[in-house]
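Given next are the chains, with one letter for each unit.
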Amino acid sequence: MPNGVNKGAVTAFWGKVKVDEVGAESLGRLLVVYPWTQRFFESFGDLSTAEAVFGNAKVKAHGKKVLDSFSEGLNHLDDLKGAFASLSELHCDKLHVDPENFKLLGNVLVVVLARHFGKEFTPELQAEFQKVVTGVANALAHRYH
Amino acid sequence: MVHFTAEEKAAITGLWGKVNVEEAGGEALGRLLVVYPWTQRFFDSFGNLSSTSAIMGNPKVKAHGKKVLTSFGEAIKNLDNLKGAFAKLSELHCDKLHVDPENFRLLGNVIVIILATHFGREFTPDVQAAWQKLVSGVATALAHKYH
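What you see is a predicted model, and the numbers here were worked out from it, not measured in a lab.

K.L.:
For this particular structure, what's the right way to read the overall build of chain B?
P.N.:
Scanning chain B from terminus to terminus reveals 8 helices and 0 strands. Tracing chain B from N to C terminus, the helices and strands come up as α-α-α-α-α-α-α-α. A compact globule built from 147 residues should have a C-alpha radius of gyration of about 15 Å, and chain B, at 15 Å, falls within 12% of that. Across its three principal axes, chain B shows a C-alpha extent of roughly 45 × 40 × 20 Å. The proportion of buried residues among the 147 residues of chain B is 50%.

Now the structure itself:
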């Protein structure tokens, strides 16, 4: 488990998160802020501007899928490596995604939470979520070979 | 060298004009010390950093945060030459302060998060992209004179 994560605080806060919306926004912002990540989504159609990215139905759908998976992970904070083992193999063997991108997405998720919740996203919550996204990124990289 | 488009420069300066540097600086440094606790090692002389409230309320943290962010503001006036603007500070952080340059990236990310908490809707994807590029450019400039 990520070192000393306050599970109660994380899950209580996560209960207020609109996963569909935050998922879509996080993936969208990843594609805009780190444009090279668009290379993994060539089949998604128009990603040429921020407007195009944010209007893109495939981005929204996939963002939701990614964050649903992250949400599941929050139920397994004691064994993130186990929880993400299959996805780790998939991202390495089939999708060929550089694990650095998991850290980028994790950081974007933290920014999106900060944007939505403002002051309510306290320093403590930021610290907890930073540990969680790091733990998830490491778990997703764990099966790489 | 990092190059900013006219739109990116506008996104950066537009937001910066509305930032309360003293408040944001204190918060940025405070959150760095809370979220990445090993960074406290550079601030042994700051007194009580034993809890989140101690850190966020610490007057030395606030003062130093303001100083750091004011310096950041100087960078914004020199977007076409960040390396030049930060040359002396880069030497200082290497030769005297012995700060691992990775920490500049961490602080940059914390600044982006604080802007997100303060500006909400206004912190659009394009604005975020411009600021991420800026903090990355500043971190690189601060590391440039390391040897």
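K.L.:
Sorry if this is basic, but what is going on with the overall build of chain A here?
P.N.:
Along the backbone of chain A there are 8 helices and 0 strands. Taken against the 2.2 N^0.38 rule, which gives 15 Å for 145 residues, the C-alpha radius of gyration of chain A at 15 Å falls within 12% of a compact globule. Across its three principal axes, chain A shows a C-alpha extent of roughly 40 × 40 × 20 Å. Counting contacts in chain A only where the partners sit at least 6 residues apart, residues at least 24 apart contribute 74% of the total. Summed over all atoms, the accessible surface of chain A reaches about 7000 Å², with 54% contributed by carbon and sulfur. Looking at chain A, you have 16 positive and 17 negative side-chain charges, and the mean spots of the two groups are 1 Å apart.

K.L.:
Whenever I open this one, the interface of chain B and chain A confuses me. Can you help?
P.N.:
The parts lose accessible area when they come together, and the size of an interface is often stated as this lost area. Across the boundary between the two partners, chain B contributes 21 residues, which contact 20 residues of chain A. Linking chain B with chain A are 0 salt bridges. At the boundary of chain B and chain A, one finds 9 residue pairs in polar contact (both at pLDDT 80 or more). Broken down by secondary-structure element, the contributors of at least two residues to the side of chain B that touches chain A are helix 2 (21–35), helix 3 (52–57), helix 7 (102–119) and helix 8 (125–143) of chain B. With 6 residues, helix 7 of chain B is the largest single contributor of residues to the side of chain B that touches chain A. Taken together, the residues of the side of chain B that touches chain A break down into 11 nonpolar, 7 polar and 3 charged.

K.L.:
Just to check I follow, could you spell out the side chain of Asn-58 of chain B for this structure?
P.N.:
Residue and element names in this part refer to chain B. Mapping Asn-58 onto the fold places it in the loop between helix 3 and helix 4 (59–76). Look at Asn-58 and you get buried, because its relative accessible area is 6%. Beyond its immediate sequence surroundings of up to four residues, Asn-58 is in contact with Phe-46, Gly-47, Asn-48 and Leu-49.

K.L.:
Help me understand the UniProt feature "domain: Globin" (unreviewed entry) in chain B in this model?
P.N.:
UniProt's entry tags residues 3–147 of chain B with the feature "domain: Globin" (unreviewed entry), counted in the numbering of this structure. For the annotated span residues 3–147 of chain B, helix accounts for 70% and strand for 0% of the residues, and the straight-line distance between the end C-alpha atoms is 25 Å.

K.L.:
What should I look at first to understand the side chain of Glu-8 of chain B in this one?
P.N.:
Residue and element names in this part refer to chain B. Position of Glu-8 among the secondary structure elements: in helix 1 (residues 6–16). Of the residues examined, Glu-8 reaches a relative accessible area of 18% and is grouped as buried. Here Thr-5 takes part through its backbone nitrogen, which lies 2.9 Å from a polar atom of the side chain of Glu-8. Discounting chain neighbours no more than four positions away, the residues touching Glu-8 are His-3, Ala-130 and Lys-133.

K.L.:
How should I be thinking about the environment of Leu-32 of chain B in this particular structure?
P.N.:
Residues and elements named next belong to chain B. Tracing the backbone through its elements, the reader meets Leu-32 in helix 2. Separated by 108 residues in sequence, Leu-32 and Thr-140 have C-alpha atoms that sit 18 Å apart. When residues no more than four places from it in sequence are discounted, the contact partners of Leu-32 are Pro-37, Thr-39, Leu-106, Leu-107 and Val-110.

K.L.:
What am I meant to see in the pattern of salt bridges here?
P.N.:
Once the charged atoms of two side chains with opposite charge are near each other, the side chains can pair. If you walk through the whole model with that rule in mind, you get 15 salt bridges over all chains. A salt bridge links Arg-31 of chain B to Glu-27 of chain B; its shortest N-O distance comes to 3.2 Å. Of this pair, Arg-31 of chain B and Glu-27 of chain B both sit in helix 2, separated by 4 residues, roughly a single helical turn. In this pair, the class of Arg-31 of chain B matches that of Glu-27 of chain B, namely buried. The salt bridge partner of Lys-77 of chain B is Glu-74 of chain B, with a shortest N-O separation of 3.0 Å. Connected through shared salt-bridge partners, Asp-20, Lys-64 and Asp-68 of chain A make up one network.

Definitions and limits used
- Residues numbered from 1 in each chain as written.
- Chains lettered and ligands numbered in written order.
- Predicted model: local features only at pLDDT ≥ 70, side-chain atom pairs only at ≥ 80, totals over all residues.
- Heavy atoms only, no water.
- Helix = DSSP H or I, 4+ residues; strand = E, 2+ residues; numbered from the N terminus.
- Rg over C-alpha atoms; globule rule 2.2 N^0.38 Å.
- Buried < 20%, exposed > 50% of the residue type's maximum accessible area, 1.4 Å probe, protein only.
- Contact = heavy atoms within 4.5 Å.
- Areas by Shrake-Rupley, 256 points an atom, 1.4 Å probe, with all protein chains shown as cover.
- Lys, Arg positive; Asp, Glu negative; His and termini not counted.
- Charge placed at Lys NZ, Arg CZ, Asp CG, Glu CD.
- Salt bridge = Lys/Arg side-chain N within 4 Å of Asp/Glu carboxyl O.
- Polar contact = N/O pair within 3.5 Å; in protein donor to acceptor, adjacent residues only side chain to side chain.
- Nonpolar A, V, L, I, M, F, W, Y, C, P; charged D, E, K, R; others polar.
- UniProt positions renumbered as here; feature names shortened; annotations may be inferred.

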